[in-house]
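# Breakdown of the fold
Next come the chains, spelled out residue by residue.
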Amino acid sequence: MPGPGDRRPVRDDGGAAALDDMALLAVAVLAFSLFFASLAGAHVMREQTARGERLQGAADALLRAFVDDPRWTAGHGRILREGLVGLSATDLLGAASGRPFRLTVWDLATGERWAFGDGATGGDRRTATTAANLVSASVDPARVTATVWGP
Amino acid sequence: MREDGFEALADGTLLLTALLVASGVVLALARPPLAADPADGLRYAEDVRLALFRTTIDGLGHRTAEGFAAMPNGTTVETFLRAQVHLRASGVPAAAFRDANARVADVAARLVRPGWGVAVTGRLVGGDDLVQIPEGVAIPATYDGSGWTYPSIDGSPADARLAVAVWPTPPR
């Protein structure tokens, strides 16, 4: 029989069970948090990849349309120098699907450059580049670069 | 800790492990593919070959014992390379074309995207390379290439094969 002033530890089964449950709950919350965070991260990564592929496709399409357009080329990649004189960004809006763009033709023999479109100051962008020729009295090597911006 | 508590902790650890594995799988599946579409590289190599071969360069030719055998101004790189393969096969040394080939190499290097390498080769079909531009370039094991086979320019039975190889540097 404990006398007055005796202090002995007493085990409360209900309290111990609650502590065990708290530990399990904490582990479960942590595990599910990590899992759902990874799900969200995966979704964001997929969306970014898809958006990048769409933009890259748009840049490729603009580039292909430019180097194949019979209004200023004499066949694939043979850009007529005189055809560039009257060309404006408006002529390329359709090929850019209405997105902000910038297309540059660089004559590698003379260093001349033609640029169409103003592009955009912000947002994601993708670039496509290919080799071509500028045709006049001579046939010069040229590099054509198309950049497309998107949200 | 009670016996039930240990069981609960073991269950929790198992749950954590399973969900960590599931998280890893989810993230791994969401990673974008590393390899680009092979058709893009081949199309680019074809564009580079066409652009380079159609380019006209004045003053191409080769050195001879008598001086310099110049080709007409406006000669395309393609015509120059076809003639070079023919002349190399008939015994003209590679050194005779060094200056003109350096000009072709310069055009080719500026034609490709920044960060890409390029090489031009020429040979008789079934033979070894007779022309390599730039001289001594090491073409990596993996590259995108485009080539064309031409009938001989002197009526001999051996056709000539000209090709362009492009690759990102460093090779992926």
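These figures come from a predicted structure and were not determined experimentally.

This brings us to the sheet that holds strand β2 (residues 101-107) of chain A. Reading across from one edge, β1-β4-β5-β2-β3 (chain A) is the order of the five strands in this open sheet, with mixed pairing throughout. Two strands lie at the open edges of the sheet, namely β1 (78-80) and β3 (113-116) of chain A, each paired on one side alone. Each strand of the sheet is rotated relative to its neighbour by a mean of 30°, with strand direction disregarded. Relative to strand β4 (residues 124-135) of chain A, β1(A) is paired through three bridges, and the arrangement is parallel. Among the inter-strand pairings, I79(A) is bridged to a residue of β4(A), identified as L134(A). Each of β1, β4 and β5 (139-150) of chain A is contacted by helix α2 (residues 38-54) of chain B, which is oriented at about 30° to β4(A), the strand it contacts most. Of the strands in this sheet, β4 and β5 of chain A touch helix α4 (residues 98-111) of chain B, which is tilted by about 10° from β5(A).

Attention now goes to the interface of chain A and chain B. The interface of chain A with chain B comprises 37 residues on the first partner and 33 residues on the second. Summed over both sides, the interface between chain A and chain B buries roughly 3,000 Å², with carbon and sulfur atoms accounting for 64% of that surface. Here chain A and chain B share one salt bridge between them. Salt-bridge contacts for R64(A) lead to D47(B); the nearest nitrogen and oxygen are separated by 2.9 Å. On inspection of chain A and its partner chain B, the count reaches twelve residue pairs in polar contact (both at pLDDT 80 or more). Contributions of two or more residues to the side of chain A that touches chain B are made by α1 (13-68), β4 and β5 of chain A. A total of 20 residues in the side of chain A that touches chain B trace back to one element, the largest contributor, which is α1(A). Each residue belonging to the side of chain A that touches chain B can be placed in one class, and the counts come to 20 nonpolar, nine polar and eight charged.

Cut-offs used in this document
Residues numbered from 1 in each chain as written. Chains lettered and ligands numbered in written order. Predicted model: local features only at pLDDT ≥ 70, side-chain atom pairs only at ≥ 80, totals over all residues. Heavy atoms only, no water. Pairing = 2+ DSSP bridges. Helix = DSSP H or I, 4+ residues; strand = E, 2+ residues; numbered from the N terminus. Axes fitted to C-alpha atoms, helices over the stretch in contact; angles between N-to-C directions. Contact = heavy atoms within 4.5 Å. Buried area = accessible area lost by both parts, 1.4 Å probe. Salt bridge = Lys/Arg side-chain N within 4 Å of Asp/Glu carboxyl O. Polar contact = N/O pair within 3.5 Å; in protein donor to acceptor, adjacent residues only side chain to side chain. Nonpolar A, V, L, I, M, F, W, Y, C, P; charged D, E, K, R; others polar.

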